[in-house]
Amino acid sequence: MPSSIISLLASVSKQITIYLGSFTLIAGVIGGLLNIVVFLSLRTFRESSAAFYLTVMSIVNVGQLLTGLLSRIMSSGFGIDWTLTSLFYCKFRSYCFNVCASTSMTCVCLAIIDQYLATSSRVQWRQWCNIKVARRLVLVFVLIWIIQGIPYIIYYDQVISTTTGQVTCIITNNIFVQYTTYGNFLAFQKILPICITFVFGLLAYNNVQQLGYRTVPLVRRELDKQLTVMILVLIVFAFFTNMPYTVIYIVSTTAQFTQDPVLSAQIQFATLVTTYLVYIYFAEV
């Protein structure tokens, strides 16, 4: 009975990977490229700092789908794992995925902070909302994530099992494993962005409610409302697609839940489903 449950979950997981994964990849890449074209083609968006953050986010989201989701579909769906046949790809995939994921969440945070400042009643705060500041901030944070990701290139390696003889692409440093799990992933890519977007989302929403009582040009007021609503919807969508995976990820790191083979298979299946929720977020924004 337990073996049949495990086999069933494995079969369903493979079908989800092939069909849902392929659909998410195709729709996400096309949608991301269309977002980039729209943001770059309209002058109103080209001159907006918030739109610039969203443009960069769309670019790195496409990068995430191509480096993360594509290889997952090939390995889990079709049994073709490029990380096992190429040491370069073993290191590059993890490095590129990490840089893109961190940059994407950073851009979400910067976009909502930008809209909070743009809709503020204080003139000195609104002055920080310009395209020059946005470009400098993105450049600084991208450089930070590029440098922060260097250990992925160093510590990811192909390891041959002494018992099975199979090759796996894993982190070979235990300290870096802990940092990746609890520091980089949970803190920097999940918990911290969720807290920042939640706080500044509420503040920006409150500012938007007060826009009608201020002397602000109509075009600027409507643009701020449009961008703020767009980003707030994005934040809500990000919360409901990222939080389930965060919870399952924390549960999967607990040893008592991985000792029972059936329970372990169920957790792996839940991890797969919630992982695709995260990819749907990157595909839809």
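The structure presented is a predicted model; accordingly, all values stated were derived computationally and were not measured.

1. Section: the pattern of salt bridges
Logical step 1: Enumeration according to the criterion identifies 1 salt bridge in this entry.
Logical step 2: A salt bridge links E47 to R43; the shortest N-O distance between them is 2.9 Å. The same class applies to E47 and to R43, which are both exposed.

2. A word on the nonpolar core
When a protein is soluble and globular, its nonpolar side chains tend to lie buried together.
Logical step 1: In terms of nonpolar packing, the biggest core is built from 45 residues, with L54, M57, L65, L69, I231 and Y281 touching the most fellow members.
Logical step 2: If you list the elements that add at least two residues to this core, you get helix 1 (2-41), helix 3 (49-78), helix 5 (87-118), helix 7 (131-148), helix 9 (174-210), helix 10 (218-252) and helix 11 (261-284).
Logical step 3: Among the elements that take part in this core, helix 3 stands out by supplying 10 residues, more than any other.
Logical step 4: Contact partners of I231, with chain neighbours within four places excluded, come to A50, L54, A111, I112 and Q115.
Logical step 5: One finds C90, Y95, C169 and I171 within the second-largest nonpolar core, a separate group that totals 8 residues.

3. Considering the UniProt feature "transmembrane region" (unreviewed entry) in the protein
Logical step 1: In the numbering used here, UniProt assigns the feature "transmembrane region" (unreviewed entry) to residues 16-40, 52-75, 95-117, 137-155, 191-208, 229-251 and 263-282.
Logical step 2: Across residues 229-251 one finds 100% helix and 0% strand; the C-alpha atoms that close the span lie 34 Å apart.

4. Focus: the packing of helix 3 against helix 7
Logical step 1: Contact geometry of helix 3 with helix 7 gives a least axis separation of 8 Å together with a crossing angle of 30 degrees. Taken as axis vectors, helix 3 and helix 7 run roughly parallel relative to one another. Of the two elements, helix 3 crosses helix 7, and the hand of that crossing is right-handed. Along the contact surface, helix 3 presents S49, F52, Y53 and V56, while helix 7 presents I131, A134, R135, L137 and V138.
Logical step 2: By residue class, the composition of the contact of helix 3 with helix 7 is 7 nonpolar, 1 polar and 1 charged.

5. With respect to the packing of helix 3 against helix 11
A pair of packed helices can be characterised by two numbers: the angle between their axes and the separation between those axes.
Logical step 1: Close contact between helix 3 and helix 11 brings their axes to 9 Å; oriented N to C, the two are set at 150 degrees. Where helix 3 crosses over helix 11, the two elements pack in a sense that is left-handed. Taken together, the residues of helix 11 that come into contact with helix 3 (itself represented by M57, N61, Q64, L65, G68, L69 and R72) are L272, T275, Y276, Y279, Y281, F282 and A283.
Logical step 2: A breakdown of the residues in the contact of helix 3 with helix 11 according to their chemical character gives 9 nonpolar, 4 polar and 1 charged.

6. Re the pairing of strand 1 (residues 156-160)
Logical step 1: Alignment of strand 1 against strand 2 (residues 167-171), held across 5 bridges, turns out to be antiparallel. Along strand 2, the bridge assignment pairs D157 with I170.
Logical step 2: The turn joining strand 1 and strand 2, which pair antiparallel and follow one another in sequence, is formed by 6 residues; a positive phi near 80 degrees is taken by G165.

7. Some points on the state of the cysteines
Logical step 1: A complete count under the given rule lists 1 disulfide for this structure.
Logical step 2: Left unpaired, C100 is separated from the closest cysteine sulfur, that of C96, by 4.0 Å.
Logical step 3: Considering cysteine sulfurs only, C109 is the nearest to C195, which forms no disulfide, with 9.7 Å between them.
Logical step 4: Judged by its relative accessible area of 42%, C195 falls in the partly exposed class.

8. Some points on a nonpolar patch on the surface
Logical step 1: Together, L139, L143, I146, I147, I150, I153 and I154 give the surface a local cluster of nonpolar side chains, amounting to about 630 Å² of exposed area.
Logical step 2: Where the nonpolar patch is concerned, the elements lending two or more residues are helix 7 and helix 8 (150-155).
Logical step 3: With respect to the helices, strands and loops of the structure, I146 is situated in helix 7.

9. Things to note about the side chain of T83
Logical step 1: Residue position: T83 is located in helix 4 (residues 82-85).
Logical step 2: Residue T83 is classed as buried on the basis of its relative accessible area of 10%.
Logical step 3: At a separation of 2.5 Å, a polar atom in the side chain of T83 contacts the side chain of D81.
Logical step 4: Once you skip the residues sitting within four places of it in the chain, T83 turns out to touch Y89, C90, R93, Q158 and C169.

10. Some words on helix 3
Logical step 1: Taking 1.5 Å per residue, 30 residues should reach 44 Å; helix 3 reaches 42 Å between its end C-alpha atoms and fits that length.
Logical step 2: Bending of helix 3 peaks at approximately 30 degrees at the position of L65.
Logical step 3: Within helix 3, 22 of the 30 residues are buried, which leaves it mostly tucked inside the rest of the structure.
Logical step 4: Directly after helix 3, the chain includes G79, whose backbone phi takes a positive value near 70 degrees.

11. Quick notes on the packing of aromatic side chains
What describes a pair of aromatic rings is the distance from one ring centre to the other and the angle between the planes of the rings.
Logical step 1: One pass over the full model with this rule turns up 18 aromatic pairs.
Logical step 2: Three or more aromatic residues joined by ring pairs form one cluster here, namely Y152, Y155, Y156, F176 and Y179.
Logical step 3: Here R122 stacks its cationic end above the ring of W125, 4.6 Å away from the centre of that ring.

Cut-offs used in this document
Residues numbered from 1 in each chain as written. Predicted model: local features only at pLDDT ≥ 70, side-chain atom pairs only at ≥ 80, totals over all residues. Heavy atoms only, no water. Salt bridge = Lys/Arg side-chain N within 4 Å of Asp/Glu carboxyl O. Buried < 20%, exposed > 50% of the residue type's maximum accessible area, 1.4 Å probe, protein only. Core = buried A, V, L, I, M, F, W, Y, C linked by side-chain atoms within 4.5 Å. Helix = DSSP H or I, 4+ residues; strand = E, 2+ residues; numbered from the N terminus. Contact = heavy atoms within 4.5 Å. UniProt positions renumbered as here; feature names shortened; annotations may be inferred. Axes fitted to C-alpha atoms, helices over the stretch in contact; angles between N-to-C directions. Parallel < 35°, antiparallel > 145°, perpendicular 65-115°, else oblique. Left-handed = near helix turned anticlockwise from the far one by under 90°. Nonpolar A, V, L, I, M, F, W, Y, C, P; charged D, E, K, R; others polar. Pairing = 2+ DSSP bridges. Disulfide = S-S within 2.5 Å. Patch = residues over 30% accessible without salt bridge, like charges linked within 9 Å, V, L, I, M, F, W, Y side chains within 5 Å. Areas by Shrake-Rupley, 256 points an atom, 1.4 Å probe, with all protein chains shown as cover. Polar contact = N/O pair within 3.5 Å; in protein donor to acceptor, adjacent residues only side chain to side chain. Expected span 1.5 Å × (residues − 1). Bend = angle between axes of the 7 residues up to and from the residue. Phe/Tyr/Trp six-rings, centres within 6.5 Å; stacked < 30°, edge-to-face > 60°. Lys NZ or Arg CZ within 6 Å of the ring centre and 35° of its normal.

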